[in-house]
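Geometric and topological summary
Residues per chain are reported as follows:
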Amino acid sequence: MQRIFSGIQPSGIPTLGNYLGAIRNWVALQADHECIYCVVDLHAITQWQDPKLLAGQTRELAASLIACGIDPWQHILFHQSAVPEHAELAWIFNCVARLGWLNRMTQFKDKAGKDRENASAGLYVYPNLMAADILAYHATRVPVGDDQRQHIELANDIAQKFNHDYGVPFFPAIEPLIMGPAARVMNLRDGTKKMSKSDASDQSRINLNDSADAIAQKIRRARTDPAPLPAENAGLEGRPEARNLVGIYAALANTDEVGVLAVHGGKGFSAFKEELAELIIAAVRPIADETGRLLADPGHVEGVLREGAGRAGAIARPIVSEAKRLVGFLAA
Ligand code: TYM
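What counts and what doesn't
Residues numbered from 1 in each chain as written. Predicted model: local features only at pLDDT ≥ 70, side-chain atom pairs only at ≥ 80, totals over all residues. Heavy atoms only, no water. Domains from an automatic or database assignment. Contact = heavy atoms within 4.5 Å. Buried area = accessible area lost by both parts, 1.4 Å probe. Helix = DSSP H or I, 4+ residues; strand = E, 2+ residues; numbered from the N terminus. Nonpolar A, V, L, I, M, F, W, Y, C, P; charged D, E, K, R; others polar. Expected span 1.5 Å × (residues − 1). Bend = angle between axes of the 7 residues up to and from the residue. Buried < 20%, exposed > 50% of the residue type's maximum accessible area, 1.4 Å probe, protein only.

Take the domain arrangement of the protein chain next. Taken domain by domain, the protein chain holds domain 1 (3-183 + 297-327) and domain 2 (202-293). For domain 1 and domain 2, the distance between their C-alpha centres works out to 29 Å. Facing the 15 residues of domain 1 at the interface are 18 residues of domain 2. Interface of domain 1 and domain 2: buried area, both sides summed, is about 1,300 Å²; carbon and sulfur atoms make up 74% of it. The greatest single-element share of the side of domain 1 that touches domain 2, amounting to 5 residues, is contributed by helix α3 (residues 51-68). Along the lines of polarity and charge, the residues of the side of domain 1 that touches domain 2 split into 10 nonpolar, 2 polar and 3 charged.

A word on helix α12 (residues 269-295). Since the α-helix packs 3.6 residues into each turn, any two residues three or four apart lie on the same face. Compared with an ideal rise of 1.5 Å per residue, which puts 27 residues at 39 Å, α12 spans 37 Å between its outermost C-alpha atoms and is within 8% of the ideal. If you look at α12, its biggest bend is around 25°, right at V284, and the proline P286 turns up within four residues after that. By the burial criterion, the buried members of α12 are F269, F272, K273, L276, A277, I280, A283, V284, I287, A288, T291 and L294. The elements touched by buried residues of α12 are α1 (16-29), α3, α9 (212-221), α10 (240-252), α11 (257-264) and α13 (298-327).

This is the structure in structure tokens:
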């Protein structure tokens, strides 16, 4: 059975983008993989996180993942900072990855923005930590949204260079799993930007804890162009907002763009948006309710994470210990 690893940052409430691009696929993959899912709090602090809020966000995200259908008993769910092997292997990878490789990372450019000099060093080496997350478990398949594709390619480059430099085929190749018609859900106010839990505007996204009214209102106000929906998907070219809403609909209705347009082509957006909002509400509200129920006992959620961290550490420890031996460190 192949081992899966994936992670999500506790930097806010997860969005419909996280759900359709990643979490929903994580749930499905549990049927025939050994899955390790991680709340990546070390990654979160590459950008400022209020220390009074971070632990709560970690707990809430874990509850939300369980509510979505992650099974923390059959599989593993834990928080990254509880397994020190991630940071340890990341340091080795800081010394394997080349500056030229990191300089090509588009996410760093997006997140650092114009004030590059003031970005944290952690944000710059973020992809090395991500490679360590995956490779500390010798995981071979990584389900992610489309925005993480470049980071997975870099993780493969790191694994290959490590194997080459130390002369052993120690780290496996990693296959990104980028699945479904909503692998890149866009911002509701600007179809050229991705939907993000850390965007300043709450109107730009659907949060997994939004009320039914908030969802209906955000979809009604979502930016669109004046033309009706096209009958064929070629008609979505150059219409990023229209394509985004069709993609979300397709994912939730378990079809694709062609399937959605076959039914809704020719309709105006107001009618389509009503139906779309209903689909989103039907998917999101049960998750929000179950998350709330789980959070009524925060100690339970924390216990689940700690127990997961114990099992994750037991897998990562011998692998990272062998990596250290290969590097030539004297045994601890
Ligand atoms: P993060 O927290 O930004 O997002 C978690 C997952 O959600 C996907 N995603 C999206 N998919 C579709 N449309 C969107 N608008 C959208 N926004 C986010 C992301 O692609 C991701 O799969 N670096 C990662 C976390 C990470 C990780 C790892 C992932 C850390 N270590 C190791 C895989 C393996 C991140 O910031 O995800």
